[in-house]
Each structure stands twice: as structure tokens, then as C-alpha cells.
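# Chains, contacts and geometry: an overview
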Amino acid sequence: MNNSAIKQTDFEIRAQDTICINESQLQHKWYHNIKYLIVGILFGIVFVKAEVISWFRIQEMFRLQSFHMYGIIGSAIAVGVLSVWLIRKFNIRTIYGEPITFTPKKFNKGQIYGGLIFGLGWGLTGACPGPLFVQIGTGATVVGIVLLSAIAGTWMYGKLRDNLPH
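For clarity, every value in this text was computed on a predicted model and none was experimentally measured.

## Some remarks on the overall build of the protein
- Secondary structure assignment for the protein yields eight helices and zero strands.
- Overall, the protein shows an N-to-C arrangement of helices and strands of α-α-α-α-α-α-α-α.
- For the protein, the proportion of its 166 residues judged to be buried stands at 18%.
- Partitioning the contacts of the protein with sequence separation of at least 6, the portion at a separation of at least 24 is 49%.
- Summed over its atoms, the accessible surface of the protein is roughly 13,000 Å², and 68% of this surface lies on carbon and sulfur atoms.

Shown next as C-alpha cells:
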């Protein structure tokens, strides 16, 4: 029997969705989410000041004309690696005391296809999904089309997910 014919367990299917693995079981009032709004606004300000949302900076990166974006992305990777190492080493929990878990994921060809589509969209639009709202907030309202396209792509993935290579 080949691997594609083996029925996956609920945990294996849910392991593909990070939100389902580390989702908080605590229920909070609506105003607890204001902290995320504040962090998001501060993050957006940093994006603007670091020129991460600049179409020209993104084009420079894809044309291999500048180190600016590679330096920012490399710094983010280094901070992420260090953070994960610290969380694992010291068994750090969330601010509410819940454990943080890391579930290993298998590499598959769907990640290559997805990465190529993501990179192509990033290169063509000059907009990464993270700073889309910041770009719109700075007055680049045409990016609203990119945001709607990203939402449509996410919706389409949800509809086609079971038929895609995972």
C-alpha cells in the first residue's frame, strides 16, 4: 500500500495548520486583542522606517542590486532561530502560562510550488503579504487589489487544499 492511500489521522491533518496546534484554550474579553493592534501598528511603523514596504527596495532585492532587504530578512531569520532555541532551551511559556510546542513538518514538493508562486507574486506586485496593510495605510491604495488577490488566493487554497500535493 502506498503512502497516499494511507488515511491520515486528525492530528496529522491538523499538524499542517499551525494555528490548530498552538491555539490558546483560554477565553478572553475582546479588549485583550488591543495589544495585538498596538504591536501591529508599531510593527507597521518599523516597516515604513526600514523601507521594507518600498516597492523600489523589493525590486532591488529581486534584481540582486542591493543588500538592504537581504539584510533585513537575514536578521529576521537570525532572531527567529535564536527565539526558537531560547523557547526550547528554557521551556518558555506564553504570557498566560500555556506551553509553546513545535511540531516537525515533512518537506514536500507542494512547498516548492507554493514558494515559487509566492515569490512570483511578491516580485510582480512588489508587495509581501505582511506589509500590505502598511502599504495601504501609507496611501498606496492600489495595493488593495493585491490584498484582495491574497485573500482570494488563500480562499482558493482552502477550497483546493485536499487536492494539492502535501
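What follows continues from the structure just given.
## Side note on helix α4 (residues 55-62)
- Along α4, the positions that sit buried rather than exposed are I58, Q59 and M61. An end-on view of α4 places all buried positions within 155° of arc, on one side of the element.
- Along its buried surface, α4 packs onto α5 (68-90) and α6 (109-125).
- Within two residues after α4, L64 carries a phi angle of roughly 55°, on the positive side.

## Here's the deal with the nonpolar core
- Within the largest apolar cluster, nine residues are counted, these being F47, V52, I53, I58, M61, M69, W122, C128 and V134.
- Setting aside its immediate chain neighbours within four residues, V52 contacts F47, I58, M69 and I72.
- A127, L132, V146 and L147 belong to the second largest nonpolar core, which has five residues in total.

## Some thoughts on the packing of aromatic side chains
- All chains considered together, the criterion is met by five aromatic pairs.
- Aromatic side chains W55 and F56 sit 5.3 Å apart centroid to centroid with 90° between the ring planes, which places their arrangement in the edge-to-face category.
- Looking at W55, the relative accessible area reads 37%, which means it is partly exposed.
- For F56, a relative accessible area of 60% puts it in the exposed group.
- Centroid distance F62 to W122: 5.3 Å. Interplanar angle 85°. Geometry classified as edge-to-face. Residue F62 is found in helix α4, and its partner W122 is found in helix α6; the two are separated by 60 residues along the sequence.
- You can call W122 buried: its relative accessible area is 15%.
- By way of ring pairs, the aromatic residues F62, F118 and W122 are connected into one cluster.

Definitions and cut-offs
Residues numbered from 1 in each chain as written. Predicted model: local features only at pLDDT ≥ 70, side-chain atom pairs only at ≥ 80, totals over all residues. Heavy atoms only, no water. Helix = DSSP H or I, 4+ residues; strand = E, 2+ residues; numbered from the N terminus. Buried < 20%, exposed > 50% of the residue type's maximum accessible area, 1.4 Å probe, protein only. Contact = heavy atoms within 4.5 Å. Areas by Shrake-Rupley, 256 points an atom, 1.4 Å probe, with all protein chains shown as cover. Arc of directions from axis to C-beta. Core = buried A, V, L, I, M, F, W, Y, C linked by side-chain atoms within 4.5 Å. Phe/Tyr/Trp six-rings, centres within 6.5 Å; stacked < 30°, edge-to-face > 60°.

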